[in-house]
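# Analysis of the macromolecular model
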There are 2 protein chains.
Amino acid sequence: MLDYPEYRRLKYLVEKHLLDFLPEIDQNSISLYDSMRYSLKAEGKRIRPILLLAACELTGCDPMQALPYACAIEYIHTYSLIHDDLPAMDNDDLRRGKPTNHKVFGEATAILAGDGLLSTAFEAMNKDLLLYLDQPVALKQRIRATSEIAKGCGCRGMIAGQIADIEAESQVVSAELVGYIHANKTAALIEAAVVAGGYIGGANAELIEVLRSYGENLGLAFQVADDLLDVRGNEALTGKKVGKDESHNKATFPVVYGVERSARRLEELTENALAALSKYRDKAEFFVEIARELSIRQN
Amino acid sequence: MLDYPEYRRLKYLVEKHLLDFLPEIDQNSISLYDSMRYSLKAEGKRIRPILLLAACELTGCDPMQALPYACAIEYIHTYSLIHDDLPAMDNDDLRRGKPTNHKVFGEATAILAGDGLLSTAFEAMNKDLLLYLDQPVALKQRIRATSEIAKGCGCRGMIAGQIADIEAESQVVSAELVGYIHANKTAALIEAAVVAGGYIGGANAELIEVLRSYGENLGLAFQVADDLLDVRGNEALTGKKVGKDESHNKATFPVVYGVERSARRLEELTENALAALSKYRDKAEFFVEIARELSIRQN
């Protein structure tokens, strides 16, 4: 699973530099630092930063150029997991087989660690902009990338999906609502990752639209696959209890459409993602591979 | 108190436009919107956005030019209050005499409303940058303003102060720690407001340093005054119980230095703030006035 060499290479790059943009350690706020680092160091697929770097590379640009943005998007994803796991939210004790942040550091620190990671993400991107003040073309591309990420994680993106997800627990779940949650909670940030990487690399408007369509379909597919894993996954591989979503009355694809139709939808979304790339197929081998692998993933 | 005409004029401007940068209402996330709006509409002094607009104006620039940044900084301040009031943090039921956000909307929504306001702050500033892509001088100034705010609210700014503040509750409080908390929890964002306003207006390096020194001293004075109000304030005016800090073992100035020395320190910081302005005194009447008023404030 996701053992493609290009994936491993980019994952190595992300993990090697993931702590580079955290604030320097300071004795009076060391538990904040430890708590942020704890969740960043937890095993993860690193899908969002890897897609961002790969999109930058697809344009012919050195992925190291996009590193602050790749790390920023993983900080944002990680903050969302820390807050999502809090007792007032999903109340999870374990994530990827390890105690959740608030179980280790306490709720107050976990809340602040989430806030800190979100702030650090924007601080890292804005610091990067300062380095390009005298390179107008690169600067514009980076501002567009930052804005794309801000939109993806914001109130008309990831946070909208999270509030709808929480509220759905006390509602009869409709197809429209599940669509809304998938598009916002998951797809928005994945789409933002792919598009931001494209901007940083200097992609033209046509390629940006290709990347946007790919990212959106891949993001939706990713969440359908996640929902399906909850129903029929292998607990040893996913690290999560099978059937957890249903017992929490979560708004998922299989709840609304059943397993079979969800599996067909996953195939369809994967095909859409691949179709978006058709013109760039020979240069976009990595994107083809990752879409295929994610559609059959086991964890 | 704070009834200076310039203050009222800028406060009117802030409050008139404060909701302008929130996301459009969306049926599936309406409680998020309502919750963010609830806390933004609560009465507040609006010190940070007013200082930002005034600093922009001091440079001779129309304060409307700085509006997205002024609103962004009030979103950031408001998010910090929502998260600070949560049961896992200060566990406050009332703020400015009204039920706190989580008391009205529940903890999950309050956490997301805080996250949403922080994200929206950066989204608003980054959207503003997109409008200036073809105006290189103004663009640089605005990037510097954004970075200043990002730093002020981040892990080497406001959040560092918050984690130290929380942790101080279980420690013997030292003078060094109180200084750290004041500098980070309060002064960092106030300093950022003043400096960001200066950048947007096109202040030169010398004026930026003047504004920085003023903002830092004013921010420190603001927190000493706040600590003093907790000890000797009028509950009817402050809307807070007198002696609350001491009963929570908060790291405050009077706890370490006593009331009398704290009052002297407040005078000294106010004088420092005014001294920083000396060269600009005739243009900076508003800043002089606000420093004086804040040093004798009753709420």
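These numbers were taken from a predicted model, which means no experiment stands behind them.

## Here's the deal with the overall build of chain A
Across its full length, chain A carries 14 helices and two strands. Against the compact-globule benchmark of 19 Å for 299 residues, chain A has a radius of gyration of 18 Å, which places it among compact chains. Dimensions of chain A along its principal axes, counting C-alpha atoms only, are 55 × 55 × 35 Å. In chain A, the proportion of contacts linking residues at least 24 apart, taken out of those at least 6 apart, comes to 71%.

## Describing the relation of the copies chain A and chain B
Relative to chain B, chain A is turned by 180° and slid 0.0 Å along the rotation axis, the superposed coordinates differing by an RMSD of 0.0 Å. Read as a symmetry element, the transformation amounts to a two-fold axis. With an isologous cut-off of 70% or more, the 100% of interface residues of chain A that recur at the interface of chain B puts this contact in the isologous class.

## Section: the interface of chain A and chain B
Listed as interface residues are 47 residues of chain A and, on the opposing side, 47 residues of chain B. At 16 residues, helix α6 (residues 107–131) of chain A tops the list of elements feeding residues into the side of chain A that touches chain B. Grouping the constituent residues of the side of chain A that touches chain B by class yields 25 nonpolar, 13 polar and nine charged.

## Observations concerning the confidence of the model for chain A
Within chain A, residue pLDDT values average 93, and 95% of them lie at 70 or more. Overall fold confidence (pTM) sits at 0.96, and the ipTM for the predicted complex is 0.96.

## Some points on the environment of Arg297(A)
Take Arg297(A): it is sitting in the segment after α14 (285–295). Spatially, the C-alpha atom of Arg297(A) lies 9.5 Å from that of Gly233(A), the residues being 64 residues apart in sequence.

## Quick look at unusual backbone geometry
Excluding glycine, residues mostly carry a negative phi; peptide bonds, for their part, are mostly trans. With a phi angle near 60°, Arg46(A) is a residue other than glycine that sits in the positive phi range. For Arg46(A), a count of 22 C-beta atoms within 10 Å translates into the label buried. Within the chain, Arg96(B) stands out as a residue other than glycine whose phi angle is a positive 50°. For Arg96(B), the location among the structural elements is in the loop between β1 (94–95) and β2 (98–99).

## Focus: helix α13 (residues 253–276) of chain A
Residues and elements named next belong to chain A. End to end, α13 covers just 23 Å across 24 residues, shorter than the expected 34 Å (1.5 Å per residue, more than 12% under). At Val-259, α13 is bent by approximately 95°, the largest bend along its length. Restricting attention to buried positions, one finds in α13 the residues Phe-253, Pro-254, Ser-262, Leu-266, Leu-269, Thr-270, Ala-273 and Ala-276.

## Some points on the packing of helix α4 (residues 67–85) of chain B against helix α6 (residues 107–131) of chain B
All names here are of chain B. Axis separation between α4 and α6 bottoms out at 8 Å; the angle between their running directions is 165°. Classified by the interaxial angle, the pair formed by α4 and α6 is roughly antiparallel. Crossing geometry of α4 relative to α6 is assigned as left-handed. For the pair α4 and α6, contact is made by Pro-68, Tyr-69, Cys-71, Ala-72, Tyr-75, Ile-76, Thr-78, Tyr-79, Ile-82 and His-83 and by Ala-110, Ala-113, Gly-114, Leu-117, Leu-118, Thr-120, Ala-121, Ala-124, Met-125 and Asp-128, respectively. Tallied by class, the residues present in the contact of α4 with α6 amount to 15 nonpolar, four polar and one charged.

## A word on the environment of Gly152(B)
All names here are of chain B. Note on placement: Gly-152 falls in helix α7 (residues 136–153). For the pair formed by Gly-152 and Ala-187, sequence separation is 35 residues and the distance between their alpha carbons is 8.5 Å. When residues no more than four places from it in sequence are discounted, the contact partners of Gly-152 are Gly-157, Met-158, Ala-188, Leu-189, Glu-191 and Ala-192.

## Quick word on the packing of helix α8 (residues 158–168) of chain A against α6(B)
Look at α8(A) against α6(B): their axes get within 10 Å of each other, and the N-to-C directions meet at 170°. Compared by their axis directions, α8(A) and α6(B) come out roughly antiparallel. Note on element contacts: α6(B) touches α8(A) through Ala108(B), Thr109(B), Leu112(B), Asp115(B), Gly116(B) and Ser119(B), opposite Ile159(A), Gln162(A), Ile163(A) and Ile166(A). Class assignment for the residues of the contact of α8(A) with α6(B) results in five nonpolar, four polar and one charged.

Conventions and cut-offs
- Residues numbered from 1 in each chain as written.
- Chains lettered and ligands numbered in written order.
- Predicted model: local features only at pLDDT ≥ 70, side-chain atom pairs only at ≥ 80, totals over all residues.
- Helix = DSSP H or I, 4+ residues; strand = E, 2+ residues; numbered from the N terminus.
- Rg over C-alpha atoms; globule rule 2.2 N^0.38 Å.
- Contact = placed C-beta atoms within 7 Å.
- Least-squares fit on C-alpha atoms with pLDDT ≥ 70 in both.
- Nonpolar A, V, L, I, M, F, W, Y, C, P; charged D, E, K, R; others polar.
- pLDDT = per-residue confidence, 0-100.
- Buried ≥ 20, exposed ≤ 12 C-beta atoms within 10 Å, placed from the backbone.
- Expected span 1.5 Å × (residues − 1).
- Bend = angle between axes of the 7 residues up to and from the residue.
- Axes fitted to C-alpha atoms, helices over the stretch in contact; angles between N-to-C directions.
- Parallel < 35°, antiparallel > 145°, perpendicular 65-115°, else oblique.
- Left-handed = near helix turned anticlockwise from the far one by under 90°.

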